[in-house]
Amino acid sequence: MFTTATGAAAFTPDDYAALIVQPVQGQSVALQVATTLTTDSTRMHIPVIVDDGGAAWLSEGAEIPIEDAELGEEIVTPAKVAGLRVISSEMAEDSSPAAQKVVGDALARAISLQLDSAFFGNLASPAPKGLSGEAHGVTRNG
């Protein structure tokens with residue numbers, strides 16, 4: 001993001017967080033049910049449980065079998081979801097903050113929808129792999 005152009009200061013993270021980021025966090029189902037991790041790296045190594053081991057019904061006094069969980073790692077490359085709404089300079093300069101909020105809310109809804117679609121679905125790259133496209137994770141012993 002260029003921050004040296006005229007008017008660019010209006011779009012730095014401190015200024016657009018309340019207009020876009022916070023509404024997306026409030027509207028996205030994925031962000032309500034998942035743990036959010038932040039990073040400045042190009043890849044993250046996240047430990048995962050591939051198989052959680054077992055449990056069994058046992059008679060009183062029977063030896064409890066030892067079953068270790070199978071651990072693995074998921075390498076995640078952060079992806080970006082973005083949207084852009086073009087408004088006239090007259091609207092930006094002459095309208096009330098309520099009008100800007102209407103535009104921001106629409107953009108936040110669109111971004112939230114894409115975020116949830118990726119999280120719960122299986123969208124094409126560069127979207128991250130969602131739950132429907134996940135090849136592994138916790139397995140259940142049958």
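Enquirer: What is the right way to look at the overall build of the chain in this model?
Expert: Helix and strand counts for the chain come out as four helices and two strands. Its helices and strands in sequence order give the chain the pattern α-α-β-β-α-α, from N to C terminus. Scored against the burial criterion, the 142 residues of the chain give a buried share of 13%. If you take every contact in the chain between residues at least 6 apart in sequence, the share linking residues at least 24 apart comes to 59%. Carbon and sulfur atoms form 57% of the exposed surface of the chain, whose accessible area is close to 11000 Å².

Enquirer: Just to check I follow, could you spell out a nonpolar patch on the surface for this structure?
Expert: A cluster of nonpolar side chains, contributed by Val29, Val33, Phe120 and Leu131, occupies part of the molecular surface with about 370 Å² of accessible area. You can see leucine 131 is positioned in the segment after helix H4 (97–120).

Enquirer: Hey, could you run me through the confidence of the model for the chain in this one?
Expert: For any part of a model where pLDDT is low, the fine detail of the predicted coordinates should not be relied upon. The predicted model of the chain averages 82 in pLDDT, with 82% of residues at 70 or higher. Looking over the chain, one finds the lowest element-wise mean pLDDT in helix H1 (residues 13–27), namely 78, and the highest in helix H2 (residues 29–33), namely 93. Within the model, pLDDT remains below 50 along residues 136–142, and this stretch shows 15 contacts once partners closer than five positions in the same chain are excluded.

Enquirer: What is the right way to read H4 from this model?
Expert: For an α-helix, the turn length of 3.6 residues means that residues three or four places apart are oriented alike. Look at H4: 34 Å from first C-alpha to last across 24 residues, which is about the 34 Å you get at 1.5 Å a residue. Along H4, the residues classified as buried are Gly104, Asp105, Leu107, Ala108, Ile111, Ser112, Asp116 and Ala118.

Enquirer: Help me out: how do you make sense of the nonpolar core in this one?
Expert: Note that soluble globular proteins tend to have their nonpolar side chains buried in a common cluster. Membership of the largest hydrophobic core is limited to five residues, which are Ile20, Val24, Leu107, Ala108 and Ile111. Within the residue set of this core, elements represented by two or more residues are H1 and H4. With three residues, the top contributor of residues to this core is H4.

Cut-off values and rules
- Numbering of residues begins from 1 in every chain and follows the order in which that chain's sequence is written.
- In keeping with the predicted nature of the model, local features appear solely for residues at pLDDT of at least 70, side-chain atom pairs appear and are counted solely at 80 or more, and the whole-chain, interface and lining totals rest on all residues.
- With hydrogens and water stripped out, all remaining heavy atoms of the structure feed into the side-chain values.
- A run of H or I in DSSP counts as a helix once it spans at least four residues, and a run of E counts as a strand once it spans at least two, with each numbered from the N terminus.
- Each residue's exposure class comes from its accessible area (1.4 Å probe, protein chains only) as a fraction of the maximum for that residue type: buried when under 20%, exposed when over 50%, partly exposed otherwise.
- Note on contacts: a residue pair is in contact if any heavy atoms of the two residues lie within 4.5 Å.
- What sets the accessible areas is the Shrake-Rupley method with a 1.4 Å probe; for residues, cover comes only from the shown protein chains.
- For patch detection, residues must exceed 30% relative accessible area and be free of salt bridges, and they are connected within 9 Å for like charges or within 5 Å for nonpolar side chains (Val, Leu, Ile, Met, Phe, Trp, Tyr).
- Each salt bridge in this description consists of a side-chain nitrogen of Lys or Arg and a carboxyl oxygen of Asp or Glu lying within 4 Å of one another.
- Per-residue confidence from the predictor is reported as pLDDT, which spans 0 to 100.
- Residue count minus one, scaled by 1.5 Å, sets the expected span of a helix.
- Here, nonpolar core means buried Ala, Val, Leu, Ile, Met, Phe, Trp, Tyr and Cys residues that are tied together by side-chain atoms lying within 4.5 Å of each other.

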